[in-house]
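For reference, the chains in residue letters:
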Amino acid sequence: MMVKDMPVCSRLLSPIYDETLSSWLARLVLGSFVDRTAIQAHVKAHLLGMSGDIDALAASESFTQQFDAFFNVRSASVFRLPETPLLMFDSSTVYCPECLCDDVASNHAPAWRRSWRVQATAVCFLHESPVLLKRVQETRLNYVNKAWVAFEEYVGSPAMRLQVNFALSSSSSRVALAENRFLLRLIARSQQWLNVQVRRGNIPELSFSAARFLMYLWLWRDARGGLVSGFASQYFRPFSGRKSTSYRSQGLGVDTVFDEAEPIHLGVAYWLLGIAYGVISKHEAELIQAMTRSTTWFFPVDRAEIAERGRVALDKEAFMVARKEASEQLSAVELEQIAWAIGNPT
C-alpha cells in the first residue's frame, strides 16, 4: 500500500493540541488508520539527514505533503517544532503525567507534546496549576509505544499516589499541598521568564546563552561518572556516581545536561535563576528555604548565597572545569554578566 493511499482521516483522528508529528503517526498506527509497514517505510525514506528525529520531518515538504489534504493548512505548520533548543529525539522522554491521564480519560491514546521537547522544560502550563514533568525510566522505547509506556509507568508507580513533588518540612497534608502548588508556581514563573523575556533579549543584564550556562553550572555533572554535581542536582535527589575516581573532571556539556536533567533538578535551577534576577523575591526565597527539606543543604536566599553554594557544590577541580567551559562558550559580555557566579574565568 502506498502512503498516499492510506486511509487517513483527520476527522477521525485529529492531532491533539501541541502534539508532535511522531506521536500523531504513532496514534495513526495504533488506531489502524494507516498500514504500519507503509508508514515506517515512508518515515525511513525521508529520515536521512534528520539525525533520527521523526518530529523534524514536519519540515520536509516531500514527507508532509502526503498528509496535507487532511488539514486546512499545510501539515508542516500543524506539527512545527518550537524554534528554541530542543531535546534530542531519543532523549525526549520527559512528559506531563496530567496530560497523558487527561488523554486516556478522554478515551483516546495518550499523545506526546511538542512543548515537552523544549530543553529545560520543568513544568507544564496547560492545567489549573503547573504540573512537574516526569521522565520515563523504561529504556526500550520507540515512537509508537513511548506515550503508552510513560502512562503505564506513571499509573503503576507510587508517584501517582503522592500528592507532593518535593521533600517538604510540613507534616500537615493540607499545608504540604498548598506549599507544593506555591513552589511549582515559582518554577513556572522563572521558566516562563527565561523562555519569553530572556530568550527575546528583553533582559539587558542576561543573555539567553548566559542564563542557560548558569543553569548548566547548577545542574553540572561529571562526564566520567564521578560523584561531583551541581547544587541543583544535589538538593533533593542526588545523582549516584563513583565514590572515588582517578580521572580528571569533565563536564557533560550544556546540551547533554539539559537532555538528561531530571525535571525536579531543573525546578531547583529555576528557583536559583529566579532569585538571582529578582523574578523570585527574597521573601519567596526564604519561604522555599523554610518549606523544603534537604539532607545536605540550606537553600540560598540571595545572589551571594547562590554563588557560594554553586562553588561549594562542585569541588575545586570541577569548578575550574566549568569556568573553562564558560570561557570557551560565552562572549566577553556574557562572561561579565555571570561573573557573580563563576568569577573571572580568564
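Residues numbered from 1 in each chain as written. Predicted model: local features only at pLDDT ≥ 70, side-chain atom pairs only at ≥ 80, totals over all residues. Heavy atoms only, no water.

**Q** For this particular structure, what's the right way to read the layout of surface pockets?
**A** A water-sized probe, rolled over the atoms, reveals where empty space remains. Its boundaries defined by the atoms lining it, the largest pocket holds a volume of some 820 Å³. At the level of secondary structure, the elements contributing two or more residues to the lining of the largest pocket comprise α5 (97-105), β3 (131-132), β4 (134-135), α6 (146-155), α7 (173-198) and α11 (263-276). Grouping the constituent residues of the lining of the largest pocket by class yields 16 nonpolar, seven polar and nine charged. Forming the walls of the second largest pocket are 19 residues, and the residues nearest its centre are P82, S115, V118, T121 and N195. (1 Å grid on protein atoms, 1.4 Å probe; cavity = no way out; pocket = protein on both sides within 12 Å on 5 of 7 lines; lining within 4 Å. Points joined across faces, edges and corners; volume = space filled by probe spheres on them. Helix = DSSP H or I, 4+ residues; strand = E, 2+ residues; numbered from the N terminus. Nonpolar A, V, L, I, M, F, W, Y, C, P; charged D, E, K, R; others polar.)

**Q** Looking at this model, I keep getting lost on the confidence of the model for the protein. Mind explaining?
**A** Do not read the predicted coordinates in detail wherever pLDDT is low. Taken residue by residue, the protein gives an average pLDDT of 88. The fraction at 70 or more is 90%. A low-confidence stretch, residues 1-11 stays under pLDDT 50, and its non-local contacts, those more than four residues away or across chains, total 20 contacts. (pLDDT = per-residue confidence, 0-100. Contact = heavy atoms within 4.5 Å.)

**Q** How do you make sense of the packing of α7 against helix α8 (residues 208-219) when you look at a structure like this?
**A** In helix packing, the relevant descriptors are the interaxial angle and the interaxial distance, both defined with respect to the helix axes. Remark: α7 packs on α8, axes separated minimally by 10 Å, with the N-to-C direction vectors making an angle of 155°. The pairing of α7 with α8 is recorded here as roughly antiparallel in orientation. The chirality of how α7 crosses α8 is left-handed. Residues L194, N195 and V198 of α7 form the contact with α8, whose participating residues are F208, A211 and M215. (Axes fitted to C-alpha atoms, helices over the stretch in contact; angles between N-to-C directions. Parallel < 35°, antiparallel > 145°, perpendicular 65-115°, else oblique. Left-handed = near helix turned anticlockwise from the far one by under 90°.)

**Q** Is there a simple way to explain the environment of D103 in this structure?
**A** The topology assignment puts D103 in helix α5. Looking at D103, the relative accessible area reads 4%, which means it is buried. Separated by 87 residues in the primary sequence, D103 and I16 place their C-alpha atoms 9.0 Å from one another. Beyond its immediate stretch of four places on either side in the chain, D103 contacts I16, H108, A109, P110, A111 and R113. Within the local environment of D103, its side chain forms a polar contact with the backbone nitrogen of A111, the two atoms lying 2.9 Å apart. (Buried < 20%, exposed > 50% of the residue type's maximum accessible area, 1.4 Å probe, protein only. Polar contact = N/O pair within 3.5 Å; in protein donor to acceptor, adjacent residues only side chain to side chain.)

**Q** Just checking my understanding: could you explain unusual backbone geometry for this structure?
**A** In this structure, D18 is a non-glycine residue whose phi angle is positive, near 75°. Among the structural elements, D18 can be located in the segment before α1 (21-30). For D18, a relative accessible area of 12% corresponds to the buried category. One non-glycine residue, A120, adopts positive backbone phi at about 65°. Here A120 is to be found in the loop between α5 and β2 (123-124). Here A120 falls in the buried class, since its relative accessible area comes to 4%.

**Q** Hey, could you run me through the nonpolar core in this one?
**A** When a protein is soluble and globular, its nonpolar side chains tend to lie buried together. The biggest cluster of nonpolar side chains holds 70 residues, and the ones touching the most others in it are L206, M215, W218 and W271. Beyond its immediate stretch of four places on either side in the chain, M215 contacts A120, L194, F258, L266, A269, Y270 and L273. Counting 20 residues, the second-largest nonpolar core is a separate cluster that includes A26, V34, A58 and F89. (Core = buried A, V, L, I, M, F, W, Y, C linked by side-chain atoms within 4.5 Å.)

**Q** In this structure, what is going on with helix α13 (residues 303-313)? I would like to understand it.
**A** Owing to its 3.6 residues per turn, the α-helix brings residues three or four apart onto one side. For α13, the full list of buried residues reads I306, A307, R309, G310 and A313. The arc that holds every buried residue of α13, seen down its axis, measures 165°, which confines them to one face. Here the buried face of α13 lies against α8, α9 (231-234), α11, α14 (316-329) and α16 (339-342). Between the side-chain oxygen of the N-cap and the backbone nitrogen of A304 there are 3.3 Å, and the N-cap of α13 in question is D302. (Arc of directions from axis to C-beta.)

**Q** Quick question: what am I supposed to make of the side chain of R135 here?
**A** For R135, the position within the fold is in strand β4. Here S91 takes part through its backbone oxygen, which lies 3.4 Å from a polar atom of the side chain of R135. Separated by 2.9 Å, the side chain of R135 and the backbone oxygen of A261 make a polar contact. Ignoring sequence-local partners within four residues, the contact set of R135 consists of S91, T93, V94, Y95, E153, F258, D259, E260, A261 and E262.

**Q** Teacher, can you tell me more about the environment of M291 here?
**A** As for its placement among the helices and strands, M291 is situated in helix α12 (residues 282-291). Separated by 111 residues in the primary sequence, M291 and N180 have C-alpha atoms spaced 8.9 Å apart. Setting aside residues up to four positions removed in sequence, M291 forms contacts with A167, L168, S169, E179, F182 and L183.

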